[in-house]
Amino acid sequence: MTPLQKLFLKSASRIGDSFCNVSLSEYSYWKAGGKAELVIVPKDFEQLKCALMKCNEENLPYLLVGCTSNLLFTDDIIKVPIIVMTKALNVIDYVEPNVVLVGSSVWVPKLARNLAEKGLKGVEHICGIPGTFGGLIYMNGGSLRRSISETLLSVKSLTPKGDTIERDVKDCNFSYRQSLFQKNSEIIVSAKMKLQSGVSKKIKRDMLAILRARSAKFPRKLPSCGSAFISNPKMYEEFGPPGMMIEKAGLKGFRRGGAQISEVHANFIVNNGQASSDDILYLIHLSRKAVFQRTGYLMDAEAHYVDSFGDLTPAHIIAELKYG
């Protein structure tokens, strides 16, 4: 047992379930990566605070994750505690007419269904996005060229010292797939959304149409992290979306090890079995280079790469450092 494991297993009853030497493929949405020395799964907000305070008391860095649908883990060992948020903040509370308080652990498709049942519209576009609500806010995610920030009123976060901050949406520095939380060390706890009244049956029909469209054009059967590259509005207007440009570069279906640029949609990198993170990074680099040669635009990756010390870096930056 390593010193890190001994240190935290003594506090297991206060911080949640703890697991040692975990294969990252068990937690990775891409089903890729090496091992985690220690994984902690808090069951509620108090256990989450205790886990964070323990890290701060010991002056230890940590990695906080949701369902990992926008993360690419290193093929090596992650040597800092990984705190998994999928259970700790799982609440949907209707606080005012058309205003909903949502915890960051809530699964996004579940949230979309829940709102549809209540006859609330405005976020139908998120119904097929795999991930937690906190991750959606962190990335200012969405689909159909929309973003979750369009419906937010405020966001509550937790500082490393255990203090909570609630910010008005205008103070969160949201832009296309960007937020303040990508640049600070705060943890998103919850957010309030303002929605519109609608007819439940119609909202459900609209969501079903979105899901059918996603199913028809996106790969669903193999592990991936969704769109590999962020759609640059300027490139989109001048040349087209990332998938189209990767396909025009002749890379649709291209393989490296167990990773492949999807034959269904070229803006997806899928794991055909036993893909390494390095395989995925190479395909990110190859796609980016090929599209730049055709368009003059350098595409940014959606996913962030997690190194052995739990630091997050946009995956395209690591790909360029490794293969550029």
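Residues numbered from 1 in each chain as written. Predicted model: local features only at pLDDT ≥ 70, side-chain atom pairs only at ≥ 80, totals over all residues. Heavy atoms only, no water.

(A) Layout of empty space enclosed by the protein. Taken as a whole, this structure holds one cavity of 30 Å³ or more when the rule is applied. Of the volumes computed, that of the largest cavity is approximately 30 Å³. Lining the largest cavity, in full, are Ala-112, Leu-115, Leu-120, Lys-121, Gly-122, Val-123, Glu-124, Ile-203 and Met-207. Of all the secondary structure elements, the ones that give two or more residues to the lining of the largest cavity are α4 (108-117), β9 (120-121) and α6 (200-217). Considered class by class, the residues forming the lining of the largest cavity number six nonpolar, one polar and two charged. (1 Å grid on protein atoms, 1.4 Å probe; cavity = no way out; pocket = protein on both sides within 12 Å on 5 of 7 lines; lining within 4 Å. Points joined across faces, edges and corners; volume = space filled by probe spheres on them. Helix = DSSP H or I, 4+ residues; strand = E, 2+ residues; numbered from the N terminus. Nonpolar A, V, L, I, M, F, W, Y, C, P; charged D, E, K, R; others polar.)

(B) Quick peek at the sheet that holds strand β14 (residues 255-256). Overall, antiparallel pairing links the three strands, which are arranged β14-β15-β16 in an open sheet. Of all strands in the sheet, those bounded by a partner on one side alone are β14 and β16 (269-271). Seen against the sheet, helix α9 (residues 277-295) touches β14, β15 (259-261) and β16 and runs at an angle of roughly 25° to β15. (Pairing = 2+ DSSP bridges. Contact = heavy atoms within 4.5 Å. Axes fitted to C-alpha atoms, helices over the stretch in contact; angles between N-to-C directions.)

(C) The arrangement of the packing of aromatic side chains in detail. Considering all chains together, one arrives at three aromatic pairs under this definition. Centre to centre, the rings of Phe-218 and Phe-268 are 4.9 Å apart; their planes meet at 35°, and the pair counts as tilted. In this pair, Phe-218 is assigned in the loop between α6 and α7 (233-238) and Phe-268 in the loop between β15 and β16, connecting sequence segments 50 residues apart. Aromatic pair Phe-239 and Tyr-297: ring centres 6.2 Å apart, planes at 75°, arrangement edge-to-face. Of this pair, Phe-239 sits in the loop between α7 and α8 (242-248) while Tyr-297 sits in the loop between α9 and β17 (304-306), placing them 58 residues apart in sequence. Taking the relative accessible area as the measure of exposure, Phe-239 reaches 30% and is therefore partly exposed. Above the plane of the ring of Tyr-236 lies Arg-145, whose end atom (NZ or CZ) is 4.4 Å from the centre. Taking NZ or CZ as reference, Arg-256 lies 4.5 Å from the ring centre of Tyr-282, over its face. (Phe/Tyr/Trp six-rings, centres within 6.5 Å; stacked < 30°, edge-to-face > 60°. Buried < 20%, exposed > 50% of the residue type's maximum accessible area, 1.4 Å probe, protein only. Lys NZ or Arg CZ within 6 Å of the ring centre and 35° of its normal.)

Everything listed here is a matter of geometry and, on its own, says nothing about what the molecule does.
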